[in-house]
Amino acid sequence: MTAKATGKQNSFLSGLLHNQLLIPIAALLLLTIFNLIADPSFFRISLGYNSDGNPVLSGYLISIIDYGSELAILAIGMTLVTAASGGQDISVGAGIAIAGSVLLRVLCGTESRPETLQAPVFVAFIVCCIVAMIFGAFNGALVAFFKIQPMVATLILFTAGRSIAAWINNNELPIVSEKSFTYFGGYLPGIPIPTPFFIALLCFVITWAVLKFTNLGLYVQAVGINEKTSRLNGLNPELIKFAVYILLGLCVAVCGLIKVSRLSTINYSVIAKDIEMDAILAVALGGNALSGGKFNMGASILGAYVIQFLTTTLYKFDVQSDALSAYKAVVVILLVVLSAPVFREKITGLFRRLRAGKAAA
Amino acid sequence: MKLKKMLGIILTAALCGGMLAACGDSSSTGTANTGDSSSAEKPASTGTDLIRVGIINNDPNESGYRTANVNDLKATFTEANGYEAQFSYSLKNEEQIQAAQKFIQDEVDYLLLSAADTAGWDSVLQDAKTAGVKVILFDRTIDASEDLYEASIVSDMAKEGQTAVDWLKAQNLSDYKIIHLQGVMGSAAQKGRSGALTDTAAAEGWEIVSEQTAEWNAEKAQQIVQTAIDSNKEFNVIYAENDDMAKGAVAALDKANISHGVGKDVIVMGFDCNKWALEELKAGNWNYDGQCNPFQSSYITEIIKKLEAGEKLDQKTIIMDEKGFDAATITQEDVDKYGI
Amino acid sequence: MQKDSVLELRGIYKSFPGVKALQNVDLTLRSGEIHALMGENGAGKSTLIKVLTGVYSKDAGDIYIKKGGKEEKVVFHSPQEAQRAGISTVYQEISLCPNLSVAENIYLGRSEGKFISWKKMNAQAGKLLKSLDIPVEPTQQLASCSIAVQQMVAIARSVDMDCSVLILDEPTSSLDESEVEKLFGLMRQLRDRGVGIIFVTHFLDQVYAVCDKITILRDSKLVGEYNASELPHVELVSKMLGKELDDMADIKNDAKKYQGDSATPVYQANQLCSTEGIAPFDFYIKKGEVNGFTGLLGSGRSESVRAIYGADKVTSGVVRVNGKPVDIKKPLDAMKNGIAYLSEDRKRDGIIGDLSVKDNIILALQVKTGFFKPFSKAKATKFAKKYIELLDIKTASVDTPIKSLSGGNQQKVILGRWLLTEPDYLILDEPTRGIDVGTKVDIQKLVLKLASEGMSVTFISSETDEMLRTCSRLLVMRDRKLVGELTGDDLNQATVMATIAGGGKE
């Protein structure tokens, strides 16, 4: 009787410890509690009006879901790429610069500061998606067909991407004056919640549907874990790897739209700087193995918001500028260590020994 | 399968081609003559009175400032103006040194250098000296003996900062509550511009509400200011160390419906004098923009003229005039002339 | 501790999430003894070995070793610690570095600065290999050696280390008979030197050939320790299975084999050839027929079936399925034509280790069904449960990762995967390798049952016995060529051996 109960408890505990969502959720909780103690007003959300007279909600939480959107969207693509190819795409930041540049190029035509848009935003976005997917395909082709290490393959665009972005617009810095273009990175008239959040939400829903109604998840994991077996089971590992890089390209295009829309302009050298590292970190924080294989999409997305939560918290506490990255690094190391399977294994062992000790006593 | 592979190869080739084109167009690290000084009359140029200069600069894509700088140099050192110029762009010190060696071998008369890194230039500059090539540094200084170059034309970042802070002081606000958006920590511009503010704030008893690095990045600046607004901090000055960060800050202000600009609640200050920033200034949305002068060619040509005439230079280090623009007094002419 | 024992394990417990792998297990190893550790898959043999060598930490129990006459209670935290204490292990799955040379593999991680010169290391390795009669150059890259040679290199590595306890975990599963003999010679030699050897194997004959003592585990518990000479075959098997067993006899008496209908072959190939260096061959199989490829290791039997399945690049040949010419260029083509292939190397080509039992079972059918038609969770679970029950797969749940199952159960999962696709033609390449007697029998029976239901099966096994029991037609391979076809009365050990060895001599 007792033995049975212990067994149940044991499996519950280890089930919890083995759940990938545990770490990002725990990190969120920890950050929440920390902020709650330090300053309960952290969670206050207030309704105000922006300079255009639109109602907007503001508060830290709104900022987090707003600015975390791009990272969360990227995390989707990065998770798939990581799972299928066992490596990461480090060119997404440069990719966003290219996507944004293409978008502005189509919107502004040859003038850098047109009075009116030269093409509808929708058309520009489609072109931007196509270009971003072509660049994704380039990375994918190198990884899938030429078997180049993902980091090395994407190093090419990482290095050259921002120059390409500048070249697309002849080194000009176009500025869009059209108000409707700011909707994507700002607010839709009359809706007080930032649009990037809706875009991210839409991406999550689409991703969920794709994972639910196709075999993408199964195929990607199978290829990531054992390519040879996958082939013998009728899969085409090259094609699948190639495809996930194109999907990541699509995510990059969406991020490009949001980023460029936020400020209606672009700065090739700093736009989305270092975002690739944060995206990879989001995947790692979600407890996904960076060497590929099984993945948990929800955990990655949560991981992305954890990173944004952390960033906002650090800004809030006015951490000294020169020490900012150090603080971030410490927290990140802690989280990554906690989410490492080895560590969880150890904790499980510790619990068992404790219980054994108790039983003996 | 075969088709896919073919596709892959074609894609790769196309992209490589595209990249090469990109490089060729904008960020050539080679030393080809530019269009302006193209080689149509090259045979004639040797031995005539064209002055041969080799210009080593950073990548024009680095920033708007650099683009303006490069365009200025390209426009000045033309055959029409009596120069035969060669350009080399790189963000890497080693590549720059290689380019310098090549220019020395080509026996240019002047070597104009904006070094990527301060160290490592001694030996190559020594070579230049031996070969009789005169070296003029612009925009950035290096750690080398002063004997090795003729002149160094630089911006004084601390002075830029001081000009801005003096302007701010002259506004005579009843109290100063400042959000300070810093550039990448440790860069010369950040150190100079931060130093001036920090010193004056301490002396005058100004309150620095928030001091964060946004790493020259508009989005980060937007987030930082957003966070300050979210925590209900009171502030009436945004001191952003470049225009991009000022723009990001303004985006956050707009979102929270906080008025900014001439005669409004918050004073917005930026640096670098981007054309769009000066336009904001002229429209009264911002209050101040400090110049970081990229137009060094006039200083350089002046020095070259003096040296050609055999005159002696008064001083090695020449600090450029740098203006600060006030929204109240800026004119369209200023925007066109100084906007980069 | 007993007087002459070198190693004692007392009351060992170990559990994994959802599974109790060892419960109160004892083991005593004496010096100069070859001790068989027997049990079905999942009985706990591998776990016991891993606990002993410090790969896993035990939950409870004690380990004693005798070192220089002194007994000592030990706890190993890592295989290195166990090795330092004189316990060397050669695992079932080769755990060497395939991209290093043979010599490097032998001395890797224990040179302690001894070998500064490559030349010296290679010379020493050469000497060692020669003394053990292992046909390989020390400088050869390990990956380029056959699995058998790799296994022997692993043993050489252990032998070269000064060990008092040598553990051989399924060392013979990929060796052919002469190699096995060589290994046994080596084991006896080591025994005479006073080394205690723990020998884990599924081959009953081998146990009786070399072992002195037998310890049997069943369902993670100790059954007992016996003298090999006093324990008859049948009793050993029944103790392992926990029931009296006449199944072996059953199969033999089973109505003599399925020769299939004489109509059009389900599958027929003319002059089929792949890039893997086999000579072009003709092959057919009729509905309900069970045939097999036999031959020594490396004779090309696996390569032949891989060519049939399109797993290797097919370079020539005309293939007909049910009389219709088809193009089989890749595995998916074969699957769509109703062909299923259970591959030889389970770990490399069979399982998707981190995925659940359920996902591993549905994978092939799912791929065949299509990208846009995923099975619902309920349907997938139903499929998985069906085959878990049908094949008696021992797993904690359908969501357990397949890698945590024992070898035999993994094999059954993969078998289930292919049965789920309801193939017309099933190719089984070494389905019984490295699994326990009970499962072996199960699989053979299953093959015959499937054939009786009209499925065509090609069966490959290193154990000629198994093939003779199941196949109605044997295709004999030698040196990557198809050299003979045996049917009817020719299906006996002697003829098969003679054909494999070279029929001309008769």
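Bear in mind the structure is a predicted one, so any value in this text is a computation, not a measurement.

1. Focus on the overall build of chain A
Okay, so step 1: Secondary structure summary: chain A contains 15 helices and 2 strands in total.
Okay, so step 2: Relative to the 2.2 N^0.38 estimate, which gives 21 Å for 361 residues, the radius of gyration of chain A is 22 Å and therefore close to what a compact globule would have.
Okay, so step 3: In terms of principal-axis extent, the alpha carbons of chain A reach across some 80 × 55 × 40 Å.
Okay, so step 4: The burial tally for chain A puts 54% of its 361 residues in the buried class.

2. Examining the domain arrangement of chain C
Okay, so step 1: Structurally, chain C comprises domain 1 (5–248), domain 2 (256–338 + 424–506) and domain 3 (346–422).
Okay, so step 2: Placing the centre of domain 1 of chain C and that of domain 3 of chain C at their C-alpha centroids yields a distance of 31 Å.

3. Points about the interface of chain A and chain B
Okay, so step 1: Contacts between the two partners involve 37 residues from chain A, matched on the other side by 43 residues from chain B.
Okay, so step 2: Only β1 (46–49), β2 (55–58), α3 (60–67), α6 (121–144), α7 (150–168), α11 (237–263) and α13 (297–316) of chain A provide two or more residues apiece to the side of chain A that touches chain B.
Okay, so step 3: Element by element, the count of residues in the side of chain A that touches chain B is highest for α7 of chain A, at 6 residues.
Okay, so step 4: Along the lines of polarity and charge, the residues of the side of chain A that touches chain B split into 19 nonpolar, 12 polar and 6 charged.

4. Some thoughts on the confidence of the model for chain A
Okay, so step 1: Across chain A, the average pLDDT comes to 87, with 93% of residues at 70 or higher.
Okay, so step 2: Note that pLDDT drops below 50 for residues 1–10 of chain A; the model gives that stretch 0 contacts with residues more than four away or on any other chain.

5. Focus on the sheet that holds strand β15 (residues 324–326) of chain C
All names here are of chain C.
Okay, so step 1: Spatially, the 4 strands line up as an open sheet ordered β12-β11-β14-β15, and their pairing is antiparallel. At either margin of the open sheet sits one strand with a lone partner, and together these are β12 (281–285) and β15. When strand polarity is set aside, the average angle formed by the axes of neighbouring strands in this sheet is 20°.
Okay, so step 2: Packed onto the sheet, helix α10 (residues 301–309) meets β11 (267–274), β12 and β14 (314–321) and runs at close to 115° relative to β11.

6. Quick notes on the nonpolar core
Okay, so step 1: Counting residues in hydrophobic clusters, the biggest one holds 233 residues, and the most contacted among them are A75, I98, L103, C128 and A132 of chain A together with I238 and A249 of chain B.
Okay, so step 2: It is α11 of chain A that provides the largest number of residues to this core, a total of 17 residues.
Okay, so step 3: Those residues in contact with A249 of chain B that lie beyond four places of it in its chain are L181, A221, Q222, V225, I238, A240 and V268 of chain B.
Okay, so step 4: L7, A43, V180 and F199 of chain C belong to the second-largest nonpolar core, a separate cluster that totals 71 residues.

7. Regarding the packing of helix α12 (residues 275–285) of chain A against α13 of chain A
All names here are of chain A.
Okay, so step 1: Orientation of α12 relative to α13, taken along the N-to-C sense of each, is 120°, at an axis distance of 7 Å. By the angle class used here, α12 and α13 are oblique. Of the two possible hands of crossing, α12 and α13 adopt the one that is right-handed. Contacts from D278, L281, A282, V283 and L285 in α12 reach S300, G303, A304, V306 and I307 in α13.

8. Remarks on helix α7 (residues 188–204) of chain B
Residues and elements named next belong to chain B.
Okay, so step 1: Counted at 1.5 Å a residue, the expected span for α7 with its 17 residues is 24 Å, and the 24 Å between its end C-alpha atoms agrees.
Okay, so step 2: Turning to α7, its buried residues are A189, Q190, G192, R193, S194, A196 and L197.
Okay, so step 3: Looking at the buried residues of α7, the elements they touch are α6 (157–170), β6 (177–182), β8 (237–240) and β9 (267–271).
Okay, so step 4: Looking one or two residues beyond α7, the residue adopting positive phi is G205, at roughly 75°.

Cut-offs used in this document
Residues numbered from 1 in each chain as written. Chains lettered and ligands numbered in written order. Predicted model: local features only at pLDDT ≥ 70, side-chain atom pairs only at ≥ 80, totals over all residues. Helix = DSSP H or I, 4+ residues; strand = E, 2+ residues; numbered from the N terminus. Rg over C-alpha atoms; globule rule 2.2 N^0.38 Å. Buried ≥ 20, exposed ≤ 12 C-beta atoms within 10 Å, placed from the backbone. Domains from an automatic or database assignment. Contact = placed C-beta atoms within 7 Å. Nonpolar A, V, L, I, M, F, W, Y, C, P; charged D, E, K, R; others polar. pLDDT = per-residue confidence, 0-100. Pairing = 2+ DSSP bridges. Axes fitted to C-alpha atoms, helices over the stretch in contact; angles between N-to-C directions. Core = buried A, V, L, I, M, F, W, Y, C linked by C-beta atoms within 7 Å. Parallel < 35°, antiparallel > 145°, perpendicular 65-115°, else oblique. Left-handed = near helix turned anticlockwise from the far one by under 90°. Expected span 1.5 Å × (residues − 1).

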